[in-house]
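A look at the structure
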Amino acid sequence: MSYEAVGVTRRHASGAKPQSKERKPFLLRLARIKPYIYLLPALVSIGFWIYKPLLQTFNLSVYQWNLLPTSPKQYVGMKNFTNLLGLPEMGIALWNTLIYTLGVIPFSLIIPLIIAIATDNIGRKASNVYRALIFLPMIMAPVAVSSVWRWIMHPTNGILNKALTDWFHLSEPIRFFTDEHWAIWSITFITGWKLIGFSTLIFSAAMTGINKEYIEAAKIDRANRLQIIWHILLPLLSPTILFMAMMSTLFASEWSFSYINVLTQGGPFNTTTNIYYLLWTYGFQSFNIGASSAAAVVFFLGFGLLAWLFMKLTKKLSFFDN
């Protein structure tokens, strides 16, 4: 090899080293920020669609405004909160919210848990069919569901009243949506009925994650079915049970909003209204945006505290199979 060729080779070799040293820190920095680049669209979407309206709600809660762009906003401070807490319908809405929350629990926890445990051993094809059928109410539009149940529970032409009259010989039909004693329980029943399929799928998915060796070992020790459920299945399902309890507590009023709006409009005599429907009424019927935003802030703080308590309970009471 000639002297010139050796020199050129050495120059190329010596020039490549600093170039690789310059690229290596850049690639390391790029590798560190790459996960955040992937997360950036989701973070921007969450910030724009969730946190921006949340901050605007906090801002509007201290103003008096009627939603018209040409109307000026009047700063009133904490007056919206003091007026809101003094309204009688606020107390009714909070009490009804508690009723919806407690009334939905059997449909979102107890019944789905029983169904998931009872159908855990059926065949794969049969399980796919039953899961599709039981999940069907969840994907139906709430307005369509409300129309169907209005027809079923109609006081004169509804098939439910006709069946009850034939079986129990009622003197007069039950007015499920206009009687103040029946209305809130009817809305609660429809809300819970729609949640059964969703909760059943959640519990069924949790059942598939349980190691079957625990059940086989318990059967070898001659444990009966109830003992297996109480000592093995329920402890292993405790994270899912607490998760569904938190979901039911936080979103029962939100899930019932559509049925209240379509079937009762908060009546009769505000017996079916809840905190969601109350803030919607203030915002889009009376156009009192300040009161509506104040109700939303109260709702956010109250349910945020409940979510924090549930997270604490989940860490203490959940049993994980590690």
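Residues numbered from 1 in each chain as written. Predicted model: local features only at pLDDT ≥ 70, side-chain atom pairs only at ≥ 80, totals over all residues. Heavy atoms only, no water.

As named in an unreviewed UniProt entry, the protein chain is Sugar ABC transporter permease, taken from Paenibacillus arenilitoris. According to the UniProt record, the Subcellular location (unreviewed entry) comment for the protein chain reads "Cell membrane". (UniProt positions renumbered as here; feature names shortened; annotations may be inferred.)

Here the focus is the overall build of the protein chain. In terms of regular secondary structure, the protein chain is built from 12 helices and 2 strands. When the helices and strands of the protein chain are listed from N to C terminus, the series reads α-β-β-α-α-α-α-α-α-α-α-α-α-α. Taken against the 2.2 N^0.38 rule, which gives 20 Å for 322 residues, the C-alpha radius of gyration of the protein chain at 29 Å runs more than 25% over that of a compact globule. The principal-axis extents of the C-alpha atoms in the protein chain amount to approximately 115 × 75 × 35 Å. Within the protein chain, buried positions represent 36% of all 322 residues. For the protein chain, long-range pairs separated by at least 24 residues make up 68% of all intrachain contacts whose partners lie at least 6 apart in sequence. With an accessible surface of roughly 20,400 Å², the protein chain has 68% of that area assigned to carbon and sulfur atoms. (Helix = DSSP H or I, 4+ residues; strand = E, 2+ residues; numbered from the N terminus. Rg over C-alpha atoms; globule rule 2.2 N^0.38 Å. Buried < 20%, exposed > 50% of the residue type's maximum accessible area, 1.4 Å probe, protein only. Contact = heavy atoms within 4.5 Å. Areas by Shrake-Rupley, 256 points an atom, 1.4 Å probe, with all protein chains shown as cover.)

Here we take up the nonpolar core. Phe177, Ile187, Ile190 and Leu233 are the most contacted members of the largest nonpolar core, which totals 55 residues. Once residues lying within four places of it in the same chain are set aside, the contact partners of leucine 233 are Ile117, Met207, Ile210, Ile215 and Ile228. (Core = buried A, V, L, I, M, F, W, Y, C linked by side-chain atoms within 4.5 Å.)

What the rule picks out here adds up to 1 salt bridge. In this structure, lysine 212 engages aspartate 120 in a salt bridge whose closest nitrogen and oxygen atoms are separated by 3.0 Å. Remark: aspartate 120 occurs in the loop between helix H3 (88-118) and helix H4 (124-139) and lysine 212 occurs in helix H8 (residues 212-220); sequence separation between them is 92 residues. (Salt bridge = Lys/Arg side-chain N within 4 Å of Asp/Glu carboxyl O.)

Next up on the list: the packing of helix H2 (residues 79-86) against helix H12 (residues 289-317). One way to put it is that H2 packs onto H12 with a least axis distance of 9 Å and a crossing angle of 75°. Between H2 and H12, the crossing angle belongs to the class labelled roughly perpendicular. Residue-level contacts link Asn80, Phe81 and Leu84 of H2 to Gly290, Ala291, Ala294, Ala295, Val297 and Val298 of H12. Among the residues forming the contact of H2 with H12, the class breakdown is 7 nonpolar, 2 polar and no charged. (Axes fitted to C-alpha atoms, helices over the stretch in contact; angles between N-to-C directions. Parallel < 35°, antiparallel > 145°, perpendicular 65-115°, else oblique. Nonpolar A, V, L, I, M, F, W, Y, C, P; charged D, E, K, R; others polar.)

Look at the link from glycine 267 to proline 268: it is a cis peptide, with omega at -5°. Counting through the fold element by element, proline 268 comes out in the loop between helix H10 (238-264) and helix H11 (275-284). Although it is not a glycine, arginine 222 sits at a positive phi angle of roughly 65°. Following the sequence through the fold, arginine 222 ends up in the loop between H8 and helix H9 (225-236). At phenylalanine 269, a residue that is not glycine, the phi angle is positive and equals roughly 60°.

Here we take up the UniProt feature "domain: ABC transmembrane type-1" (unreviewed entry) in the protein chain. Mapped onto the present numbering, the UniProt feature "domain: ABC transmembrane type-1" (unreviewed entry) falls at residues 94-310. Span residues 94-310 is 77% helix and 0% strand, its end C-alpha atoms 20 Å apart.

With 92% of its residues at a pLDDT of 70 or more, the protein chain has an overall mean of 85. The secondary-structure element of the protein chain with the lowest mean pLDDT is helix H1 (residues 3-60), recorded at 73, while helix H5 (residues 142-152) shows the highest, at 92. (pLDDT = per-residue confidence, 0-100.)

Take H11 next. Within H11, 8 of the 10 residues are buried, which leaves it mostly tucked inside the rest of the structure. Where H11 is buried, its residues contact H2, H3, H10 and H12. Where H11 begins, the side chain of asparagine 274 points an oxygen toward the backbone nitrogen of tyrosine 276, at a separation of 3.1 Å. (Polar contact = N/O pair within 3.5 Å; in protein donor to acceptor, adjacent residues only side chain to side chain.)

Here we come to the side chain of asparagine 274. Inspection of the secondary structure puts asparagine 274 in the loop between H10 and H11. For asparagine 274, the side chain forms a polar contact with the main-chain oxygen of serine 253, separated by 3.3 Å. Excluding anything up to four places from it in sequence, asparagine 274 contacts Ala93, Thr97, Tyr100, Ser253, Ser256 and Ile260.

Counted under the stated rule, the structure contains 14 aromatic pairs. Their ring planes at 90° and their centres at 5.0 Å tell us that phenylalanine 48 and tryptophan 49 sit as a pair that is edge-to-face. A centroid spacing of 6.5 Å and a plane angle of 35° characterise the contact between tryptophan 280 and phenylalanine 284, whose relative ring orientation is tilted. With tryptophan 280 and phenylalanine 284 both in helix H11 and 4 residues apart, the pair spans about one turn of that helix. A relative accessible area of 24% means that tryptophan 280 is categorised as partly exposed. The exposed category is assigned to phenylalanine 284, whose relative accessible area is 54%. Grouping aromatic residues by their ring pairs yields a cluster made of Phe107, Trp149, Phe189 and Trp193. The ring centre of tryptophan 65 lies 4.9 Å from the NZ or CZ of lysine 73, which sits over that ring. (Phe/Tyr/Trp six-rings, centres within 6.5 Å; stacked < 30°, edge-to-face > 60°. Lys NZ or Arg CZ within 6 Å of the ring centre and 35° of its normal.)

The next thing to look at is the packing of H3 against helix H7 (residues 183-208). Their axes nearest at 7 Å, the elements H3 and H7 cross at an angle of 40°. It follows from the interaxial angle that H3 and H7 lie oblique. Pair H3 / H7 crosses with right-handed handedness. Of the residues assigned to the contact of H3 with H7, the class counts are 20 nonpolar, 9 polar and no charged. (Left-handed = near helix turned anticlockwise from the far one by under 90°.)

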